[in-house]
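# Per-entry structural report
Listed below, chain by chain, are the residues.
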Amino acid sequence: MSRFSEDELHGVVSRYEATRAAALTERDEQLRAFHAAGWRPVDLQRVTGYSRETIRQALRPEVRRATNISRRRTSPQPPADYRPYGDRRPYVVAETLTTLHGPTEGSVTLPRHLDWSGQAEYDLDRTARLASMYKVVLTEASTVEDLNTWLEADLLQQLWPTLWLPPQLRQRWEETFPELAATRSNAA
């Protein structure tokens, strides 16, 4: 890093920007000359491979200026009424943990509405696959019946501290079942 200074780097970037701007101006002038000589925009597009919008901006510099000005004005901030996906997602929470009577061992295949990955078979005797299945069911369940069918209360409490879940889903479950939040505290 000590071989070159920041000023030298700024110089490289400045020279590039200057030559790029000059090349763009020259190209646009040439395209306008071809257009004035009778070339249609569609022909310019076909021969150059440029997009319709690029040709339009080359033939009408005021369009490029207006486009660039509007790009600069565009706020990178989301709209005021924007809510993140996790806040809009209708996560399902069980009514009570005692109704969760899902499988605890062996191999299960989740239905396609829960797992469409092509790897919907889970060996529940392998902890990693078991945790993966619980994550899928918790995030993708659309009904309480999905939860009751595929989750088991004791296993859920055991896995809860280690499950990688969207924060909104975790919060909704822990608000409903404080004992799950307690398992995270005890694991820490």
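I will try to describe carefully the structure that is included in this document. (Residues numbered from 1 in each chain as written. Predicted model: local features only at pLDDT ≥ 70, side-chain atom pairs only at ≥ 80, totals over all residues. Heavy atoms only, no water.)

## What to know about the overall build of the protein chain
- Check the secondary structure of the protein chain and you find 10 helices and 2 strands.
- Dimensions of the protein chain, computed from C-alpha atoms along their principal axes, come out at roughly 80 × 50 × 35 Å.
- Per-residue burial for the protein chain yields a buried fraction of 31% across its 188 residues.
- In the protein chain, the 25 positive side-chain charges and the 26 negative ones have mean positions that sit 14 Å from each other. (Helix = DSSP H or I, 4+ residues; strand = E, 2+ residues; numbered from the N terminus. Buried < 20%, exposed > 50% of the residue type's maximum accessible area, 1.4 Å probe, protein only. Lys, Arg positive; Asp, Glu negative; His and termini not counted. Charge placed at Lys NZ, Arg CZ, Asp CG, Glu CD.)

## Side note on the pattern of salt bridges
- Tallied over the full model, the rule gives 9 salt bridges.
- Across the pair D28 and R27 runs a salt bridge whose closest N-O atoms are separated by 3.0 Å.
- The buried category is assigned to D28, whose relative accessible area is 4%.
- In this structure, R60 engages E62 in a salt bridge whose closest nitrogen and oxygen atoms are separated by 3.1 Å.
- Judged by relative accessible area, which is 38%, E62 ranks as partly exposed. (Salt bridge = Lys/Arg side-chain N within 4 Å of Asp/Glu carboxyl O.)

## Describing helix α6 (residues 127–140)
- Look at α6: 20 Å from first C-alpha to last across 14 residues, which is about the 20 Å you get at 1.5 Å a residue.
- Of all the positions in α6, only R129, L130, M133, Y134, V136, V137, L138 and T139 are classed as buried.
- Next to the buried residues of α6 lie β1 (107–109), β2 (121–123), α7 (144–150), α8 (153–159) and α9 (167–176). (Expected span 1.5 Å × (residues − 1). Contact = heavy atoms within 4.5 Å.)

## A short note on the packing of aromatic side chains
- Overall, the coordinates contain 3 aromatic pairs when judged by the stated rule.
- Where W160 meets W173, the ring centres are 6.1 Å apart and the plane angle is 40 degrees; that geometry is what we call tilted. Of this pair, W160 sits in the loop between α8 and α9 while W173 is found in helix α9, placing the two residues 13 residues apart along the sequence.
- For W160, a relative accessible area of 0% translates into the label buried.
- Residues W173 and F177 carry aromatic rings whose centres are separated by 5.6 Å and whose planes lie at 40 degrees to one another, so their mutual orientation is tilted. Across this residue pair, the class does not change: W173 and F177 are buried.
- An aromatic cluster of three or more residues is present, and its members are W160, W173 and F177.
- Note that R170 overlies the ring of W160, its terminal NZ or CZ placed 4.9 Å from the centroid. (Phe/Tyr/Trp six-rings, centres within 6.5 Å; stacked < 30°, edge-to-face > 60°. Lys NZ or Arg CZ within 6 Å of the ring centre and 35° of its normal.)

## Observations concerning the packing of helix α2 (residues 41–48) against helix α3 (residues 52–59)
- One way to put it is that α2 packs onto α3 with a least axis distance of 9 Å and a crossing angle of 120 degrees. With respect to their mutual orientation, α2 and α3 come out oblique. The handedness of the crossing between α2 and α3 comes out as right-handed. Contacts between α2 and α3 involve P41, L44, Q45 and T48 on the former and, on the latter, R52, I55 and L59.
- Taken together, the residues of the contact of α2 with α3 break down into 4 nonpolar, 2 polar and 1 charged. (Axes fitted to C-alpha atoms, helices over the stretch in contact; angles between N-to-C directions. Parallel < 35°, antiparallel > 145°, perpendicular 65-115°, else oblique. Left-handed = near helix turned anticlockwise from the far one by under 90°. Nonpolar A, V, L, I, M, F, W, Y, C, P; charged D, E, K, R; others polar.)

## Thoughts on a nonpolar patch on the surface
- There is a patch of nonpolar side chains on the surface, built from L9, V12 and V13 and spanning about 270 Å² of accessible area.
- Overall, L9 belongs to the exposed group, its relative accessible area being 56%. (Patch = residues over 30% accessible without salt bridge, like charges linked within 9 Å, V, L, I, M, F, W, Y side chains within 5 Å. Areas by Shrake-Rupley, 256 points an atom, 1.4 Å probe, with all protein chains shown as cover.)

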